[in-house]
Structure formats: structure tokens, C-alpha cells
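# Working through the structure, step by step
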Amino acid sequence: KQWYQRRVRGDYPPKKPILSTSGGANKINVSWIDPPKQLGPIDHYELVMNGEVIYSGKEQGFRVSNLEPLTNYTFNVRVVTADDYVIESEPAKKKAGSKGKVRSSTTSKMSRPPGSSGPVTPRPLTTFF
């Protein structure tokens, strides 16, 4: 597929991810909810950390581990529809090792959900303004 960018107005992007460090100084828990309006059935989600996809799947949460304590990280969530629309959230930022919840790329080791394998395939991106 060719890369393309499509601009869409409205309530389609998902909300910023919810971030917490309750799992320890080198972990950030990331969760998200579906967008208020959808461009079609959701096929899966992609979690982006500092510009790199670190998770692709159907779950609405992911624990990122082996992070550098007291280092800032930026997360976005992408909703990928059955028609291959990709809608990205606004970024949420969190410092590993800090406390509390934030609503709103440095590379770390990452883990995939059990049973998943293979490379993460980039998708076309829909930009909102």
C-alpha cells in the first residue's frame, strides 16, 4: 500500500492515553478508550512511544517496561479501522518514575502480548486539525 495522509475534522480521534507509573520506576501503564465517533469498525489499536509503534493489538492497555527512570516519554494511540483508516490521538507525556495520572523517541525494551509475533506493519495515517 502507498502511504497517504487524509485530513478529517470532527470527533474521530481517540482521547489522549491515560498514563500511570503504579507498576514501578521503570514502567508506565498506558490505557485508552474508543473515540466518541468512529469512521468504521475498529480492527486494532497501535501504541506509539516517542514516534515508534511498540504495540499492535485489540487490547486497550499496555504496560511498557525497562524504561529509564526519570526520563520523559511521549505516547499516542492509533485506532486502525477495518477499512485501514488510521486515526491518531493527541500525545500524552509522562516521566518514568514519577507518580500520579496524566491525561493529556528514546527506545526501550518492549514486550508484545502473548501469542503475537512478527513485525508491526505501518499503516496510512489520518491527520486531524
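Definitions and cut-offs
- Residues numbered from 1 in each chain as written.
- Predicted model: local features only at pLDDT ≥ 70, side-chain atom pairs only at ≥ 80, totals over all residues.
- Heavy atoms only, no water.
- Phe/Tyr/Trp six-rings, centres within 6.5 Å; stacked < 30°, edge-to-face > 60°.
- Buried < 20%, exposed > 50% of the residue type's maximum accessible area, 1.4 Å probe, protein only.
- Helix = DSSP H or I, 4+ residues; strand = E, 2+ residues; numbered from the N terminus.
- Pairing = 2+ DSSP bridges.
- Core = buried A, V, L, I, M, F, W, Y, C linked by side-chain atoms within 4.5 Å.
- Contact = heavy atoms within 4.5 Å.
- pLDDT = per-residue confidence, 0-100.
- Salt bridge = Lys/Arg side-chain N within 4 Å of Asp/Glu carboxyl O.

### A closer look at the packing of aromatic side chains
- Per the stated rule, a full pass over the model turns up three aromatic pairs.
- An aromatic cluster is defined as three or more aromatic residues linked by ring pairs; in this entry it consists of Trp32, Tyr45, Tyr55 and Phe62.

### Side note on the pairing of strand β7 (residues 72-81)
- Of all ten residues in β7, eight are buried; the element is thus mostly enclosed.
- Bridging between strand β4 (residues 42-49) and β7 involves seven bridges; their strand directions are antiparallel. Note that in β7 the partner of Met49 across the bridge is Phe75.
- Relative to strand β9 (residues 92-95), β7 is paired through four bridges, and the arrangement is antiparallel. Residue pairing for β9: Tyr73 is matched across the bridge by Lys94.
- Sheet topology note: the β7/strand β8 (residues 86-88) ladder contains three bridges and is antiparallel. Of the residues in β8, the one forming a bridge with Val79 is Ile87.
- Counting the residues that bridge the hairpin from β7 to β8 gives four residues, and of these Asp84 lies at a positive phi of roughly 65°.

### Regarding the nonpolar core
- The biggest cluster of nonpolar side chains holds 18 residues, and the ones touching the most others in it are Ile28, Val30, Trp32, Leu47, Val64 and Phe75.
- Here the element with the most residues in this core is β7; it accounts for four residues.
- Leaving out residues up to four positions away in the same chain, Val30 has contacts with Pro17, Ile18, Leu19, Leu47, Gln60, Gly61, Phe62, Val64 and Phe75.

### Here's the deal with the confidence of the model for the chain
- Within the chain, residue pLDDT values average 74, and 66% of them lie at 70 or more.
- Predicted confidence in the chain is weakest over strand β10 (residues 101-102), with a mean pLDDT of 39, and strongest over strand β5 (residues 52-57), with 96.
- Within the model, pLDDT remains below 50 along residues 1-9, and this stretch shows 21 contacts once partners closer than five positions in the same chain are excluded.
- Low pLDDT, under 50, characterises residues 98-114; the predicted model gives this stretch 50 contacts beyond four residues in sequence or across chains.

### Focus: the pattern of salt bridges
- Summed over all chains, the structure comprises three salt bridges.
- In this structure, the salt-bridge partner of Lys58 is Asp43, at a minimum N-O distance of 4.0 Å. Taken together, the residues span a long stretch of sequence, with Lys58 in the loop between β5 and β6 (61-64) and Asp43 in strand β4 at a distance of 15 residues.
- Looking at Asp43, the relative accessible area reads 33%, which means it is partly exposed.
- For the salt bridge of Glu88 with Arg78, the shortest nitrogen-to-oxygen distance reads 3.7 Å.

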